[in-house]
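Chain by chain, the residues run as shown.
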Amino acid sequence: MSVMLQPCLSASMPSFPFKRTVLVCCASSQQSDARVPERTKVRLGLPSKGCMESDTLRLLEACQLPVNREKPRQYVGQIPELADLEVWFQRPKDIVRRLISGDIDLGIVGFDIVSEYGQGNEDLIIVHDALKYGECRLSLAIPKYGIFENINSLKDLAQMTQWTAENPLRVATGFTYLGPKFMKENGLKYVTFSTADGALEAAPARGRQSPTEESILLASPMGVADAIVDLVSSGTTLKENDLKEIKGGIVLKSQAVLVASRKALMQREGALDITRKILKRLEKRLETVGQFRVSANMRGSSAEEVAERILSQPSLSGLQVVGNGVLVSLLTNIFNEETPRWYKLLKKLGL
Ligand SMILES: Nc1ncnc2c1ncn2[C@@H]1O[C@H](COP(=O)(O)OP(=O)(O)OP(=O)(O)O)[C@@H](O)[C@H]1O
Ligand SMILES: O=P(O)(O)OC[C@H]1O[C@H](OP(=O)(O)OP(=O)(O)O)[C@H](O)[C@@H]1O
Ligand SMILES: [Mg+2]
């Protein structure tokens, strides 16, 4: 007897993996009673360069929402499926700033950028928190050598007697909001920050190795920081620059998210409906990522008996016998109607 198995081994739905503190700190910057600027089209901001741009366009295409642009460097585009929508290609930080100013209504960017440039503004609503690319973490990293050789946790770092008002821990970061906030929340009192746009990992290079090697610090042009707060993905850049992450040193975990302006969703005609359509396509697409269809032959005296044996395995729970009892398949497409994230969004909007 031959039985066809079609289990789709489902990746579990990720829960919200981020530090909630990040988005709740500055309620005062909220402008909920302001009106949105008048215009006819809903605007979606997409990253204008790098992997975030290409991965975002790839995801939208896989969702049957391809973006049309006459020329690859053009800053405005359209999604033919969504006639009332305009796509604006922007730098990620500008997407967040323009969501807040009301110049765009929806955006796709890294959660790190929403947190850094959104600074807890309650107008920003995360509609989809896990688009499954741009995965990285914002982390504190310190040298592996010198006075940091035996420092392996944030607690160890905070307890070092070196740090005083005159001789603070020097941190280089491009995250000038989240970096200081994290250090303060973790009780590191004597800290100063410097900022740079890239290659931060070079900042501590052979800086302060030991109290007796202060001359190296002065002589080394790049010994300008003791630690950095920067994005880490594979960890290769840190490793190749002799830096290490420490226990308790993750500021936040990030991946691409769909973010919206609350004002726009509430006030702009068509914005909520377009969001619902985009969300539905994203959910449908992402739900199948990491799922596999398996076909197998099994011996048995009847289809029912084989099906019963399969279904008695706890690890295969979720399988469902369909048709004449011969085909066994998983209920994967559970979002025939609206998705859980849609109901969550309505709740956040008080609708
Ligand atoms: N190493 C990384 N791995 C995965 N995602 C990352 C990494 N670095 C950054 N990101 C995510 O991508 C976003 C944009 O990164 P970044 O500002 O470095 O862009 P870029 O340098 O223009 O492009 P890229 O480095 O992707 O070619 C970040 O805000 C973060 O969300
Ligand atoms: O842990 P890893 O996989 O090594 O990735 C981390 C590196 O990636 C990012 O820089 P990027 O290469 O994007 O350069 P950029 O700073 O110029 O954007 C980030 O700022 C780190 O330097
Ligand atoms: Mg980069």
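The shown structure was predicted, so the numbers you read here are calculated from the model rather than taken from an experiment.

A closer look at the overall build of the protein chain
(1) Moving on: Scanning the protein chain from N- to C-terminus turns up 11 helices and 14 strands.
(2) Moving on: Look at the contacts in the protein chain between residues 6 or more apart in sequence, and 74% of them connect residues 24 or more apart.
(3) Moving on: A total accessible area of about 18,100 Å² is found for the protein chain, and carbon and sulfur atoms account for 52% of it.

With respect to the site of ligand 2
(1) Moving on: Taken together, E201, D230, L231, V232, S233, S234, G235, T236 and T237 form the complete shell of residues around ligand 2.
(2) Moving on: Here an oxygen atom of ligand 2 sits 3.2 Å away from a polar atom, N or O, in the side chain of D230.
(3) Moving on: Taking T237, its side chain carries an N or O atom lying 2.4 Å from an oxygen atom of ligand 2.
(4) Moving on: Considered on its own, ligand 2 offers 500 Å² of accessible surface; in the complex 52% of this is hidden by protein.
(5) Moving on: Residue assignment for the shell around ligand 2 shows that the elements contributing at least two residues are β10 (227-232) and α7 (236-240).
(6) Moving on: Counting residues per element, the shell around ligand 2 draws most heavily on β10, at three residues.
(7) Moving on: Looking at the shell around ligand 2 residue by residue, the class counts come to two nonpolar, five polar and two charged.

Observations regarding the site of ligand 1
(1) Moving on: The full set of residues close to ligand 1 is K49, G50, C51, M52, G110, D112, I113, G134, E135, C136, L231 and S233.
(2) Moving on: Take K49: an N or O atom from its side chain is 2.5 Å from an oxygen atom of ligand 1.
(3) Moving on: The separation between an oxygen atom of ligand 1 and a polar side-chain atom of D112 is 2.7 Å.
(4) Moving on: Protein contact buries 60% of the 590 Å² of open area that ligand 1 shows by itself.

Points about the pattern of salt bridges
Where charged atoms from two side chains of opposite charge come close, those side chains can pair.
(1) Moving on: A full pass over the atoms with the stated rule returns 18 salt bridges.
(2) Moving on: When salt bridges with common partners are traced through the structure, they connect D273, R276, K277 and E338 into a single cluster.

Quick word on the side chain of T56
(1) Moving on: Counting through the fold element by element, T56 comes out in helix α1 (residues 50-62).
(2) Moving on: If we ignore the near neighbours within four places in the chain, the residues touching T56 are L46, P47, C51, I108 and Y133.

Some details on the pairing of strand β5 (residues 106-110)
(1) Moving on: A large share of β5 lies buried, amounting to five of its five residues.
(2) Moving on: For strand β2 (residues 42-47) and β5, the ladder comprises two bridges, and the chain directions are parallel. Across the sheet, G45 pairs through a bridge with G107, a residue of β5.
(3) Moving on: Bridge count for β5 against strand β12 (residues 256-261) is five bridges, and the pairing is antiparallel. The residue of β12 that forms the bridge with L106 is A260.

Topic: the sheet that holds strand β3 (residues 76-78)
(1) Moving on: Spatially, six strands are ordered β3-β4-β2-β5-β12-β6 in an open sheet, and the strand pairing comes out mixed. Whereas interior strands pair on both sides, the edge strands pair on one side only; in this sheet they are β3 and β6 (124-128). In this sheet, neighbouring strand axes are inclined to one another by 30° on average, regardless of whether the strands run parallel or antiparallel.
(2) Moving on: The pairing of β6 with β12 spans four bridges and is antiparallel. Looking at β12, one finds that I126 is bridged to V259.
(3) Moving on: The strands touched by helix α3 (residues 111-118) are β5, β6 and β12; relative to β5, the strand with the most contacts, the crossing angle is about 105°.

Quick look at the environment of R170
(1) Moving on: Take R170: it is sitting in strand β8 (residues 169-173).
(2) Moving on: Since its relative accessible area comes to 17%, R170 is described here as buried.
(3) Moving on: Along the sequence, R170 and V191 sit 21 residues apart, while their C-alpha atoms lie 5.9 Å from each other.

Notes on the nonpolar core
(1) Moving on: Residues V114, L140, F148, L157, L169 and M183 are the most contacted members of the largest nonpolar core, which totals 37 residues.
(2) Moving on: By residue number, the principal contributor to this core is helix α2 (residues 92-101), which donates four residues.
(3) Moving on: Here this core gathers at least three residues from each of two domains, domain 1 (13-134 + 256-289 + 339-348) and domain 2 (136-254).
(4) Moving on: One finds L65, I125, L272 and L286 within the second-largest nonpolar core, a separate group that totals 35 residues.

Let's talk about the packing of aromatic side chains
(1) Moving on: Per the counting criterion, the structure on display carries one aromatic pair.
(2) Moving on: Ring geometry for F148 versus W163: centroids 6.1 Å apart, planes at 20°, classification stacked. One end of the pair, F148, is in the loop between β7 (136-143) and α4 (154-159); the other, W163, is in the loop between α4 and β8, and 15 residues separate them in sequence. One exposure class covers both F148 and W163, and it is buried.
(3) Moving on: Seen from the ring of F89, R69 lies directly overhead, with NZ or CZ sitting 3.7 Å from the centre.

Focus on unusual backbone geometry
It is generally the case that most residues other than glycine have a negative phi and that most peptide bonds are trans.
(1) Moving on: Positive phi, normally seen in glycine, also occurs at K132, with a value near 65°.
(2) Moving on: Tracing the backbone through its elements, the reader meets K132 in the loop between β6 and β7.
(3) Moving on: Here D242, not a glycine, exhibits a phi torsion of approximately 60°, which is positive.
(4) Moving on: You can see D242 is positioned in the loop between α7 and β11 (243-254).

Here is what the cut-offs are and how they apply
Residues numbered from 1 in each chain as written. Chains lettered and ligands numbered in written order. Predicted model: local features only at pLDDT ≥ 70, side-chain atom pairs only at ≥ 80, totals over all residues. Heavy atoms only, no water. Helix = DSSP H or I, 4+ residues; strand = E, 2+ residues; numbered from the N terminus. Contact = heavy atoms within 4.5 Å. Areas by Shrake-Rupley, 256 points an atom, 1.4 Å probe, with all protein chains shown as cover. Near = heavy atom within 4 Å. Polar contact = N/O pair within 3.5 Å; in protein donor to acceptor, adjacent residues only side chain to side chain. Nonpolar A, V, L, I, M, F, W, Y, C, P; charged D, E, K, R; others polar. Salt bridge = Lys/Arg side-chain N within 4 Å of Asp/Glu carboxyl O. Buried < 20%, exposed > 50% of the residue type's maximum accessible area, 1.4 Å probe, protein only. Pairing = 2+ DSSP bridges. Axes fitted to C-alpha atoms, helices over the stretch in contact; angles between N-to-C directions. Core = buried A, V, L, I, M, F, W, Y, C linked by side-chain atoms within 4.5 Å. Domains from an automatic or database assignment. Phe/Tyr/Trp six-rings, centres within 6.5 Å; stacked < 30°, edge-to-face > 60°. Lys NZ or Arg CZ within 6 Å of the ring centre and 35° of its normal.

By themselves these figures say nothing about function.
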